[in-house]
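Each chain, written out:
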Amino acid sequence: MNILLLGSGGREHAFAYKIRQSERVSKLFIAPGNAGTAQLGENVVLNPTDLSAVYEFCKREKIDLLIPGNEDPLVAGLVDYIEKMSTIDGLSMLVAGPNQWCAQLEGSKDFAKSFMARHGIPTAKYQSFDATNLTEAYTFLETLTPPYVLKADGLAAGKGVIITDSLQEAKDTLSDMTQQGKFGKAGELVVIEEFLKGIELSVFAVSDGKTWQMLASAKDYKRIGNGDTGLNTGGMGAISPVPFADEVFMKKVVDRIVEPTFSGLRMEGQPYKGFLFIGLMNVGGDPMVIEYNVRMGDPETEAIFPRLNSSLLELLESMAAGKLNEYQVLLDPLTAATLFLVSEGYPGDIKKGKEIRLPEHIGSAMEDQWVFHAGTIMKDNRLVTNGGRVIAVTSLGDSIQSALNRSNALASSIEFEGKYQRNDIGLDLLAKS
Ligand code: AMP
Ligand code: GLY
């Protein structure tokens, strides 16, 4: 079987690693990939959002399974395009992701909120505004109690959410987004919503359009600084599973959120095929949806996939072929702790090209510890940094503390100039584990 995986992060290294565990893989291509994926397959220069280039590549290389890692190609309509073109050409190609309609759950906050309202899925109360009804928007803001939560409707690389205690700043931000082009097209429409107080976590599920299965819970740590301070990042670490996502809580998540989401999509004639990542707030024991993502998370994948004891390739195939009823997700009950090593300056400007020194035993058999590459590249036979988030390390343990101890030891054995990591990943969960 020939496979094309789209993306270049730690998530895609984790996908490639798990896929490679299957003996049925003939060729594995990763576009554009990183130095870690290059050890597992062939990195190719291809822009994942250039839909016709992706299709031409699939046709030429006789790709059987296409796996989009991140949201951009899905929101741009990759799945619909590949399915249309392969039908015209009489090719049988599986695509492991949702169609463009379903991808709006991530691509448009307003779309996601109105979908949840239609299906009674618990989420913060909201209203959407654009440049034509700013006066109403200001009046609406005045009825809310701070903090105020403003969200650019479209994709804004995790930067489109502003939370402020100041009514004036909320009004100014609203006008910056809708009138001054802050966040570009993504901010022309703004969702204003009620602030939810609680503890965040994420749950991951997979569906083939007919049935679905839970994958795992995870908690990621988005801010750059210890104690959840400083700027938002793509994610500085993750823990899976989340101790407070116990049976009682997860039953509420399934009954009130996961099942109504998948059945709602089916009812609207848009069965969901792919991974669904649901960002939640635990508000006094009740789950509320903060956001949907139509893909796996990064770094959550680096924490979850090491726990996956069933075949990822079979999961992807059965999801894409509508045969998920023939597959059973098997998950290790141990805890995974993932820590990201990032470049100095991240999430702002960073310097690339710093040599990375990995201990010698890495790359040989490490049974329950993993080094996932993200912003790495080989240059003149040297492994060097090539982005903000550089390497994610994951360890399994029988408690959060033991998994963390092992990941910290592994992280300290990896060196590059300007290396930075958070030191408090998972500590907030310790009392509860
Ligand atoms: P989003 O892109 O919608 O996930 O929002 C980014 C982050 O903003 C979330 O991870 C939360 O930490 C925070 N956030 C978003 N919406 C709310 C809300 N209604 N109440 C409290 N925090 C929120
Ligand atoms: N870690 C958050 C995300 O993948 O969107």
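Reading guide: rules and limits
- Residues numbered from 1 in each chain as written.
- Chains lettered and ligands numbered in written order.
- Predicted model: local features only at pLDDT ≥ 70, side-chain atom pairs only at ≥ 80, totals over all residues.
- Heavy atoms only, no water.
- Near = heavy atom within 4 Å.
- Polar contact = N/O pair within 3.5 Å; in protein donor to acceptor, adjacent residues only side chain to side chain.
- Areas by Shrake-Rupley, 256 points an atom, 1.4 Å probe, with all protein chains shown as cover.
- Helix = DSSP H or I, 4+ residues; strand = E, 2+ residues; numbered from the N terminus.
- Nonpolar A, V, L, I, M, F, W, Y, C, P; charged D, E, K, R; others polar.
- Pairing = 2+ DSSP bridges.
- Contact = heavy atoms within 4.5 Å.
- Axes fitted to C-alpha atoms, helices over the stretch in contact; angles between N-to-C directions.
- Salt bridge = Lys/Arg side-chain N within 4 Å of Asp/Glu carboxyl O.

### Here's the deal with the site of ligand 1
- Taken together, 15 residues sit near ligand 1, with K151, E193, L196, E200 and E291 positioned nearest.
- E291 places a side-chain nitrogen or oxygen 3.0 Å from an oxygen atom of ligand 1.
- About the coverage of ligand 1: the protein hides 88% of its 480 Å² of free accessible area.
- Contributions of two or more residues to the shell around ligand 1 are made by β7 (148-152), β8 (161-164) and β16 (286-293).
- Here the residues of the shell around ligand 1 are counted per class, giving 8 nonpolar, no polar and 7 charged.

### Some points on the sheet that holds strand β2 (residues 27-32)
- Across the sheet, 5 strands lie side by side as β3-β2-β1-β4-β5; this open sheet has parallel pairing. Strands with a single pairing partner mark the edges of an open sheet, and in this sheet they are β3 (42-43) and β5 (94-95).
- In terms of strand pairing, strand β1 (residues 2-7) meets β2 through 6 bridges, oriented parallel. Residue pairing in the sheet places L6 in a bridge with A31 of β2.
- Its contacts with the sheet put helix α2 (residues 51-60) on β1, β2 and β4 (65-68), and the angle it makes with β1 is roughly 160 degrees.

### What to know about the pattern of salt bridges
- One pass over the full model with this rule turns up 26 salt bridges.
- One salt bridge connects K171 with E142, and the closest N-O pair in it is separated by 2.6 Å. Taken together, the residues span a long stretch of sequence, with K171 in helix α8 (residues 167-179) and E142 in helix α7 (residues 134-143) at a distance of 29 residues.
- What emerges from the salt-bridge pattern is a single network uniting E71, E106 and R295.

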